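Structure assessment
Listed below, chain by chain, are the residues.
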Amino acid sequence: MRDAFTRALMREAALDPRLTLVTGDLGFGVLKPFWETYPDQFINAGIAEQAMTGLAAGLARTGRTVLTYSIGNFPTLRCIEQIRNDCAYHDANVKVVCVGGGFVYGSLGMSHHATEDMAILRALPGVTVFTPGDPHEVESIVPIMLKTPGTCYLRLGRGGEPYLHEGPLTDWQIPRALTMRHGTDVALLSAGGIMTQTLGAAELLREQGVSAEVVSFPCIKPIDTEKIAELAGRFRHIVTVEEHSVVGGFGSAVSEVLAEMGTNCRLHRIGMPDVYSCIVGTQQYLRGEYQMDDKAICARTLEWLGGK
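None of the values given here were measured: they were computed from a predicted structure.

**Section: unusual backbone geometry**
The omega angle of the peptide bond from I174 to P175 is -5 degrees, so this bond is cis rather than trans. Its location among the elements puts P175 in the loop between β6 (152-156) and β7 (178-181). Across the junction of K221 and P222, the peptide omega takes the value -5 degrees, indicating a cis bond. Here P222 lies in the loop between β10 (219-221) and α8 (225-234). Phi is positive for D25, which is not a glycine, with a value near 65 degrees.

**Details of the packing of aromatic side chains**
For the structure on display, the rule yields 7 aromatic pairs. When the ring of F130 is compared with that of W172, the centres are 6.4 Å apart and the planes differ by 65 degrees; the resulting orientation is edge-to-face. Within this pair, whereas F130 is found in strand β5 (residues 128-130), its partner W172 is found in the loop between β6 and β7, the two being separated by 42 residues in sequence. Residues F130 and W172 agree in their burial class; the two are buried. A centroid spacing of 5.3 Å and a plane angle of 50 degrees characterise the contact between F217 and F250, whose relative ring orientation is tilted. Separated by 33 residues along the polypeptide, F217 in the loop between β9 (212-216) and β10 and F250 in helix α9 (residues 250-261) bring together distant segments of the chain.

**Observations regarding the pairing of strand β12 (residues 266-272)**
Taken together, the 6 bridges between strand β11 (residues 237-245) and β12 define a ladder with parallel strand orientation. Bridge pairing links T240 to R269 in β12. After leaving β11, the chain enters α9 and then returns to the sheet as β12, a path that is right-handed.

**Quick word on the environment of G233**
Here G233 shows up in helix α8. In this structure, the C-alpha to C-alpha distance between G233 and T263, residues 30 residues apart in sequence, is 7.9 Å.

**Examining the sheet that holds β7**
Strand order in the open sheet made by the 5 strands is β7-β9-β8-β11-β12, with mixed pairing throughout. In the strand order of this sheet, the two ends are held by β7 and β12, each with one partner. Across the sheet, the axes of successive neighbouring strands diverge by a mean angle of 25 degrees, strand direction being ignored. Sheet topology note: the β7/β9 ladder contains 3 bridges and is antiparallel. Residue pairing across strands places T179 opposite V215, the latter belonging to β9.

**What about the sheet that holds β6?**
Strands sit in the order β2-β1-β3-β4-β6-β5-β10 across an open sheet of 7 strands; the sheet is mixed. The two strands at the open ends of the sheet, each matched to only one other strand, are β2 (42-44) and β10. Pairs of neighbouring strands in the sheet enclose a mean axial angle of 20 degrees, with direction left out of account. Pairing of β5 with β10, which is carried by 2 bridges, proceeds in the antiparallel orientation. Bridging across to β10, V129 finds its partner in K221. Relative to strand β3 (residues 65-71), helix α3 (residues 49-61) is tilted by about 165 degrees, and along the sheet it contacts β1 (19-23), β2, β3 and β4 (94-99).

**Observations concerning the packing of helix α7 (residues 195-207) against helix α11 (residues 294-304)**
Contact geometry of α7 with α11 gives a least axis separation of 8 Å together with a crossing angle of 55 degrees. Classed by the angle they form, the pair α7 and α11 counts as oblique. Here α7 runs over α11; the crossing is right-handed. Facing Q197, T198, G200, A201, L204 and L205 of α7, the residues of α11 in contact are D294, K295, I297, C298, T301 and L302. Across the contact of α7 with α11, the residue classes tally to 6 nonpolar, 4 polar and 2 charged.

The rules we used
- Residues numbered from 1 in each chain as written.
- Predicted model: local features only at pLDDT ≥ 70, side-chain atom pairs only at ≥ 80, totals over all residues.
- Heavy atoms only, no water.
- Helix = DSSP H or I, 4+ residues; strand = E, 2+ residues; numbered from the N terminus.
- Phe/Tyr/Trp six-rings, centres within 6.5 Å; stacked < 30°, edge-to-face > 60°.
- Buried < 20%, exposed > 50% of the residue type's maximum accessible area, 1.4 Å probe, protein only.
- Pairing = 2+ DSSP bridges.
- Right-handed = clockwise from strand over helix to strand, strands pointing away.
- Axes fitted to C-alpha atoms, helices over the stretch in contact; angles between N-to-C directions.
- Contact = heavy atoms within 4.5 Å.
- Parallel < 35°, antiparallel > 145°, perpendicular 65-115°, else oblique.
- Left-handed = near helix turned anticlockwise from the far one by under 90°.
- Nonpolar A, V, L, I, M, F, W, Y, C, P; charged D, E, K, R; others polar.

So this is what it looks like as structure tokens:
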């Protein structure tokens, strides 16, 4: 996802000299092509994320489109006051980019586990929240995000995520959800890079005689309410999957829509329970530990379906 982000950003920087990327002293390996090609559009703010965000807000006031870039919780939770007061409150054209949502930096411990960011950024008025599921979605989102007025949040994986769509998404628009696989028994909804697990779980469910529809939500604020309503009309069970706390994140966003619809569809949320992770390990290991890998999604879905 990082490489897809850089490629898309470089294409946009060639078209707009006011586009400026500010990094918090991180990402040099993947960002090197950008700063070598557009040195006047790149700033290293150092390990000072609050200052980085204030700087971005000031630059945006001069007519620039500014992106802040760092890993995990650093460009988000560490400087949430600056995002709220300096950027979002003033509708500043600042795009906050987090590399390493969820357990990407799992071996570095709780301080690097980004498991509350979607909930917190989603709660800020005027902030658009993008949660791409694969590199194709990233490349589609970047130019749209840069044209979206005000403050945005882009949550990326780290790198090496597979391409899950068959090809580039040439006509995606906010906030359209994307059907990855059609099914008839249950709908599996995901936001972000954990889509690999929902697709894997759908294949495991198929082996058990269960037909699962898989839908990716590249944007959760605003969220595709029409798609949620359509799914609620076709399925008795919807399962949301997120590499994030179940409190306030993607599952909560879907539940808000369903609650106001008054549907009889049952919603089941898979994600991080309301705890901090005291375990370290690889991203996939932590997904398994917290019951959000493909095997756990399959097993829990079968249980909710009554053991079908």
